[in-house]
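Single-letter residue listing:
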Amino acid sequence: MPLLPSAPTAGPPTAGPPISGRTRLYAVLGDPIAQAKAPALLNPLFAASGVDAVLVPVHAPADRLDEVVRGLKAVANLDGLLVTVPHKLAMCEHADELSEAAALLGSTNALRREPDGRWYGDNFDGAGFVRGLAAAGHHPAGVRVALAGAGGAGLAIAAALLTEGAAALTVTDPDRDRVDALLNRLGTRWPGRVTAAPHPPSDIDLAVNATPLGLTPTDPLPFDPTPLAPGALVADIIMTPAETPLLRTAAALGLATHPGIHMLTEQLPLYRSFFRLPEQSPVHPERADQAGLAD
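Think of each chain on its own: its residues are numbered from 1, step by step along the sequence as written. Local features are withheld for residues below a pLDDT of 70 in this predicted model, meaning they are given only at 70 or higher, and side-chain atom pairs are given and counted only at 80 or more; totals for whole chains, interfaces and linings count all residues. No hydrogens and no water enter the side-chain calculation; it runs on all heavy atoms of the structure.

So, about the layout of surface pockets. Both site types are read off a 1 Å grid over the protein atoms alone. A 1.4 Å probe that fits but cannot get out defines a cavity, while an open set with protein on both sides within 12 Å along at least five of seven lines defines a pocket; lining residues have an atom within 4 Å of a point. Grid points are joined across faces, edges and corners, and a volume is the space filled by probe spheres set on the points. Each pocket or cavity is described by its volume, and for the largest pocket that value is around 650 Å³. Residue lining of the largest pocket: 37 residues in total, with Thr84, Val85, Lys88, Ala153 and Ile237 positioned closest to the centre. We count a stretch as a helix when DSSP gives it H or I for four or more residues in a row; a strand needs E for two or more, and each element gets its number in order from the N terminus. At the level of secondary structure, the elements contributing two or more residues to the lining of the largest pocket comprise strand S3 (78-83), helix H5 (152-163) and helix H8 (261-265). Here the lining of the largest pocket takes 3 residues from H5, the largest share from any one element. Split by residue class, the lining of the largest pocket holds 20 nonpolar, 11 polar and 6 charged. Classes in brief: Ala, Val, Leu, Ile, Met, Phe, Trp, Tyr, Cys and Pro nonpolar; Asp, Glu, Lys and Arg charged; the others, Gly included, polar.

Pasting the structure below:
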């Protein structure tokens with residue numbers, strides 16, 4: 001999809017209405033969930049839109065996801081779900097209909113309840129990632145990409161980068177089944193531009209971590225940035241901490257870095273449209289610190 005211009009800077013978020021019996025509910029599902037930034041961004045968006053709604057975090061253990069989702073979908077005033085690691089692939093099974101992007105990827109990170117009660121799923125991870133790159137002055141057209149991670153987020157990012165004209169994409173992941181699934185899904189649509197390798201090649205323009213590695217201090221690096229060429233950009237989709245060990249290591253090597261928060265903040269206009277919220281100026285990425293997003 002084409003990159004869209006960044007939204008104008010908004011003023012401070014207004015206080016929303018008090019929670020009442022009329023408040024509509026949204027939930028973000030993950031395992032773990034403490035790192036989720038969506039409530040800090042979507043709740044001010046609801047308030048600024050004048051919508052009486054609240055987004056709450058829900059820790060849905062992977063082995064109980066089906067049980068949790070069935071219960072949530074039975075809640076009559078629940079209007080939408082957001083999805084984070086590791087549930088983006090599995091949540092496709094809980095959608096009655098998928099967008100073209102979500103169907104291509106077999107992954108969804110947002111579902112809404114339609115007026116007839118059916119659930120419609122879409123995926124905005126890839127669009128948010130390329131919008132974030134563009135907003136920072138990094139355009140995907142013609143770049144050579146190394147992608148670590150072939151899960152739900154990795155699939156979405158790979159498809160979005162290829163859609164925006166990335167010249168070549170090499171994926172690394174220790175799970176060979178996930179790598180094969182990515183190659184099968186994307187290789188036929190972009191023949192000759194998607195390959196797999198045990199390690200990221202050094203002659204690339206953009207290296208992306210689309211794995212959960214970096215969420216905890218004891219995690220190993222998803223890949224070693226040392227062999228990368230001096231002009232390479234290293235991007236991470238991890239949002240907490242804001243400066244991951246990968247980004248810190250890359251910066252120490254003199255490489256340009258791109259933090260994960262942009263991927264979420266640039267999805268706000270897309271969520272506004274998806275959830276049919278009234279038009280208004282969404283929270284801008286530059287207000288991330290004010291919203292407590294750089295913890």
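This is not the end of the story, as more comes after the structure.
For the rest of this paragraph, the subject is the pattern of salt bridges. When their charged atoms lie close together, side chains carrying opposite charge are able to pair. For salt bridges, the criterion is a side-chain nitrogen of Lys or Arg within 4 Å of an Asp or Glu carboxyl oxygen. Per the counting criterion, the structure on display carries 11 salt bridges. Between Arg276 and Glu114 there is a salt bridge, with its nearest N and O atoms 3.1 Å apart. Of the two residues, Arg276 sits in the segment after helix H9 (268-274) while Glu114 sits in the loop between strand S5 (110-113) and strand S6 (119-122), which places them 162 residues apart along the sequence. Several salt bridges converge on common partners, so that one network encompasses Arg112, Glu114 and Arg276.

Here we take up the pairing of strand S2 (residues 53-59). Strands were regarded as paired on the criterion that DSSP finds at least two bridges between them. One ladder, built from 7 bridges, connects strand S1 (residues 24-30) with S2; its direction is parallel. Counterpart to Leu29 in the pairing with S2 is Val58. Here, the term right-handed applies to a crossover whose path from the first strand over the helix to the second runs clockwise when the strands point away from the viewer. Once you follow S1 into helix H1 (residues 38-49) and on to S2, the crossover reads as right-handed.

In terms of nonpolar packing, the biggest core is built from 32 residues, with Phe129, Leu161, Leu169 and Leu186 touching the most fellow members. Going through the elements one at a time, helix H4 (125-135), strand S7 (144-148), H5, strand S8 (168-172), helix H6 (176-187), strand S10 (206-209) and strand S11 (233-236) are the ones with two or more residues in this core. Between two residues, a contact is recorded if the distance between any of their heavy atoms is within 4.5 Å. Leaving out residues up to four positions away in the same chain, Leu161 has contacts with Phe129, Val130, Leu133, Pro140, Val145, Ala166, Leu169 and Leu206. In terms of nonpolar packing, the next biggest core, distinct from the first, is built from 25 residues, Ile33, Ala53, Leu55 and Tyr120 among them. By nonpolar core is meant a set of buried Ala, Val, Leu, Ile, Met, Phe, Trp, Tyr and Cys residues that side-chain atoms within 4.5 Å join together. To sort residues, take the accessible area from a 1.4 Å probe on protein chains only and compare it with the maximum for the residue type: under 20% means buried, over 50% means exposed, and anything in between is partly exposed.

A few words now on the packing of H4 against H5. To describe two helices that pack against each other, one gives the angle between their axes and the distance between the axes. Taken N-terminus to C-terminus, the directions of H4 and H5 make an angle of 55 degrees; their axes are 7 Å apart at the nearest point. With respect to each other, H4 and H5 are oriented oblique. For the element pair H4 and H5, the recorded crossing hand is right-handed. Only Ala153, Ala156, Ile157, Ala160 and Leu161 of H5 make contact with H4, whose side of the interface consists of Asp125, Gly126, Ala127, Phe129, Val130 and Leu133. In terms of residue class, the contact of H4 with H5 is built from 9 nonpolar, 1 polar and 1 charged. Lines fitted to C-alpha atoms define the axes here, with helix axes fitted over just the stretch in contact, and angles between the N-to-C directions of these axes take values from 0 to 180 degrees. Convention used here: angles under 35 degrees read as roughly parallel, angles over 145 as roughly antiparallel, angles from 65 to 115 as roughly perpendicular, and any remaining angle as oblique. Rotating anticlockwise by less than a right angle from the far helix to the near helix defines a left-handed crossing, while the corresponding clockwise rotation defines a right-handed one.

pLDDT: the predictor's confidence for each residue, scored from 0 to 100. Taken residue by residue, the chain gives an average pLDDT of 89. The fraction at 70 or more is 89%. Overall, residues 1-14 carries pLDDT values under 50, and its contacts beyond four positions in sequence, including any with other chains, amount to 33 contacts.

A sheet is described by the order of its strands in space; here 6 strands give the open sequence S2-S1-S3-S5-S6-S4, paired in mixed fashion. Because the sheet does not close on itself, it has two edges, and the strands there are S2 and strand S4 (97-98). Where S4 and S6 come together, 2 bridges link them in parallel fashion. Pairing of Leu98 across the sheet is with Gly121, part of S6. Along the sheet, H1 makes contact with S1, S2 and S3, crossing S2 at roughly 165 degrees.

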